[in-house]
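# Fold and geometry: a report
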Amino acid sequence: MESSSENLVKTLLRNPSSIKTKSQAKQLHAQIVKTRGSRSVSLATIIIGIYSDLNLLKESLEVFNNFRYVPTKAWKYVVRCYSCNGYFRDSLACFVEMRGWGKLPGSDVFPSVVRACTHLKELRVGESVHGCVIRFGMESDLYTANALMNMYAKLQVLSHDYHVFDEIPQSDRVYSRRSSLTQDSEIGILRNELIRSEKSHFESLSGRRVKNATGLDSVSKIFQMMPDKDVVSWNTVIGGNVQSGLYEEALERLREMSNAYLKPDCFTLSSVLPVFARHVDVLKGKEIHGYAIRHGFDKDEYIRSSLIDMYATCTRVEDSYRVFNLLSEKDDVSWNSIIAGCVQNGTFVEGLGLFRQMLAANVKPVEVSFSAILPACAHLTTLQLGKQLHAYIIRVGFDQNMYIASSLVDMYAKCGKIMTARWIFDRMEIHDPVSWTAIIMGYALNGHAREATILFENMQHDKIKPNAVAYLAILTACSHAGLVDEGWNYFTSMNRYGVSPDLEHYASIADLLGRAGRLTEAYKFINDMPIKPTGSIWATLLSACRVHKNVELAEKVAKEMSTADPGNMGPYLLLSNMYSAAGRWKDASKLRTNMKKKGMRKPPACSWIEVRNQVHAFVSGDTSHPYYDQIHVALRDLYERLKQEGYVPQISEALHDVDEEQKSDLLYTHSERLAIVFGIISTPAGTTIRIIKNLRVCVDCHTAIKFISKIMGRDIIVRDNSRPFQRWELFMWRLLVMVTMEMYP
DNA sequence: GTAGGGTTAG
């Protein structure tokens, strides 16, 4: 017995890789200690190698700590094991200590050390390690070079993105949010030690500091110098290009890769799929999908979520759904992909439904889930749901996430809660162009142009250059407040900042001039634009003509508009309204007959209201709502009280040439009134009523709502397609009340 | 040693 087990031990020691499990490793270790004691350095080194290969950190460290004099191999095993177990700081510390003992590192330890630097986002330490790699002639090692490319691809892109913090020392930058100060100073010491010992070698050997390189220079340089490249090398360089937005380069590398007779794998495909998504090239995307199916990669969860995203970005949400529904196991990423796909394509209610399904499926929402779903609350003005999400976000500590904070600012602003939006904005640690734009646009939409211009200036003091969207926000602010000169100045200053105005900026200026009643100027401006005017830009001017009752110009503009956009009946509707308002009934009816001949029909007016986490839709004259009878009774009562208060229906803008009685009947079946009355009868007294409507609120509804607000003592906010916010307000803004989230028990 | 999902756009 004794000798046979001794033989086995000998066999195993000659061939340590045959040990496959923890218990086998421990048995062997115990047998050796029993028969030969624990003195032998060479045996201990073999054992630590076995433990480290099995990723057993605790066991490796037990052996490691018993060495009086640690052999080089043992150092390497422990550095690697720390890194593999996610203890990146310890891995680096161990590496520094190993170097301090004069031990020579090799291709067996560099990949783990570089990986540690990548995870710790320590570019400068990584550069020093790179210096060390060059010093020991390891730069042509496949695994080491792959790891280095990965590090530069990830960290150099990062340091470009966050140029805002350039003055802040790097240690603060990387760790300020996540780690304690002690860890910072530890890594600082580590970094200094490494940099002191390796920097000069690195600089002299590589000829220049990699830090000064731009974009993917370092990655390409390493890639070109590699004597052997495998699929991972190609994937890393392709992925790096994609992440830096260099899509053409990524595709070129993909072609080169096939020329080198290397077949794309799961990693390659999920890296290049976003390229076709960004290019909105669904045909190429489908080719990749087909390739994935042929090679059996379509079972891969990374590929699937990339496919969901690709189809959604190409506005093919149905195809996203198809891929999503085929998933047997749906993880948070696939849920987030489909939710984001819906929201980005404007199907907000579906997005919310999927979000609820995700929770019901016990998939925990992560940061991305919230930044994906919050825009849906913003667009639907579902403030209650938005607040519940916000409460949850605060509870789990996601509130300092840039994406989430910006979406919250936008959501509160779109729900008319501009003070809350500001409160969140002011409490953000850092502001980026998006968060600035969200708050500026928030003030613009809520009609506070002055505050918007102040913030626009503050943004520039914060060294953030306004981009096209920021300009759109400030132009919107000016046009809503009638600040013609200011708006014009902002518009002309765009080129100074290297932002070339696009159609939306021109539209904003046309709107600005039109609202201010400078109609002829606006007409000339649109005609002189360097971009071909679209139907929608003419529509802006046309509605200005209506407001300023200029029928002659309106006729001209309507003509231009129907040439630019023949299918659109907007110009006909507006013009016919204007004829009616001017009492030119014949012209109005002629126009309407023309429309009918062309087969044009007005889209149904629709209003939405959120009550107890449910969105209720009302179509003009619609009787299908389950509470329609109650709504109708309440509407009649309300109508009586409105009349007592002095409300007189203003029917001059009504579309139909019918008698007065019929007109007022038509008017009080308008969808927004149905929604408002439903809101009144189904919410407690004093609750703010928030409505969204797909068409413009008519003048009579505007007046009626003012009366309703007064009689019922309610704030009423209506967002329609011409002015996002019109409010009939009785109370001051209330402070944000945190609502406990019903959906998260 | 490699890969997927997120914020602003009257």
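Residues numbered from 1 in each chain as written. Chains lettered and ligands numbered in written order. Predicted model: local features only at pLDDT ≥ 70, side-chain atom pairs only at ≥ 80, totals over all residues. Heavy atoms only, no water.

As annotated in an unreviewed UniProt entry, chain A carries the name DYW domain-containing protein and comes from Solanum stoloniferum.

## Description of the packing of aromatic side chains
Centre-to-centre distance and the angle between the planes together describe a pair of aromatic rings. If you walk through the whole model with that rule in mind, you get 22 aromatic pairs. Their ring planes at 65° and their centres at 5.5 Å tell us that Phe-456 and Tyr-471 sit as a pair that is edge-to-face. Here Tyr-471 lies in helix H27 (residues 468-481) and Phe-456 lies in helix H26 (residues 449-461), a separation of 15 residues in the sequence. The pair formed by Phe-456 and Tyr-471 is uniform in burial state, with each residue classed as buried. On the basis of an interplanar angle of 50° and a centroid distance of 5.6 Å, the ring pair of Phe-618 and Phe-678 is categorised as tilted. Of this pair, Phe-618 sits in strand S2 (residues 614-619) while Phe-678 sits in helix H37 (residues 671-682); the two residues are 60 residues apart in sequence, bridging distant segments of the chain. For Phe-618, a relative accessible area of 2% corresponds to the buried category. Overall, the relative accessible area of 3% leaves Phe-678 in the buried class. One aromatic cluster is present, formed by Phe-355, Phe-370, Tyr-392 and Phe-398 through successive ring pairs. (Phe/Tyr/Trp six-rings, centres within 6.5 Å; stacked < 30°, edge-to-face > 60°. Helix = DSSP H or I, 4+ residues; strand = E, 2+ residues; numbered from the N terminus. Buried < 20%, exposed > 50% of the residue type's maximum accessible area, 1.4 Å probe, protein only.)

## Things to note about the protein's contact with DNA strand B
Every one of the 52 residues lining DNA strand B counts as a neighbour, but Asn-146, Ser-305, Asn-336, Lys-414 and Leu-445 are closest to it. Restricting the count to atoms of DNA strand B within 4 Å of the protein gives a sugar and phosphate share of 44%. Within the side chain of Lys-154, one N or O atom sits 3.0 Å away from a phosphate oxygen of DNA strand B. Examining the composition of the surface near DNA strand B, we find that seven residues originate from one element, helix H23 (residues 402-414), more than from any other. In the surface near DNA strand B, the residues fall into 19 nonpolar, 19 polar and 14 charged. (Near = heavy atom within 4 Å. Polar contact = N/O pair within 3.5 Å; in protein donor to acceptor, adjacent residues only side chain to side chain. Nonpolar A, V, L, I, M, F, W, Y, C, P; charged D, E, K, R; others polar.)

## Re the packing of helix H17 (residues 301-313) against helix H19 (residues 332-344)
Between two packed helices, both the angle of their axes relative to each other and the distance between the axes serve to describe the pair. Running from amino to carboxyl end, H17 crosses H19 at an angle of 5°, the nearest separation of the two axes being 9 Å. In terms of orientation, H17 and H19 fall into the roughly parallel class. Side by side, H17 and H19 meet where Ser-305, Ile-308 and Ala-312 of the first sit next to Val-333, Ser-334, Ser-337, Ile-338 and Gly-341 of the second. Residue composition of the contact of H17 with H19, by class: four nonpolar, four polar and no charged. (Axes fitted to C-alpha atoms, helices over the stretch in contact; angles between N-to-C directions. Parallel < 35°, antiparallel > 145°, perpendicular 65-115°, else oblique. Contact = heavy atoms within 4.5 Å.)

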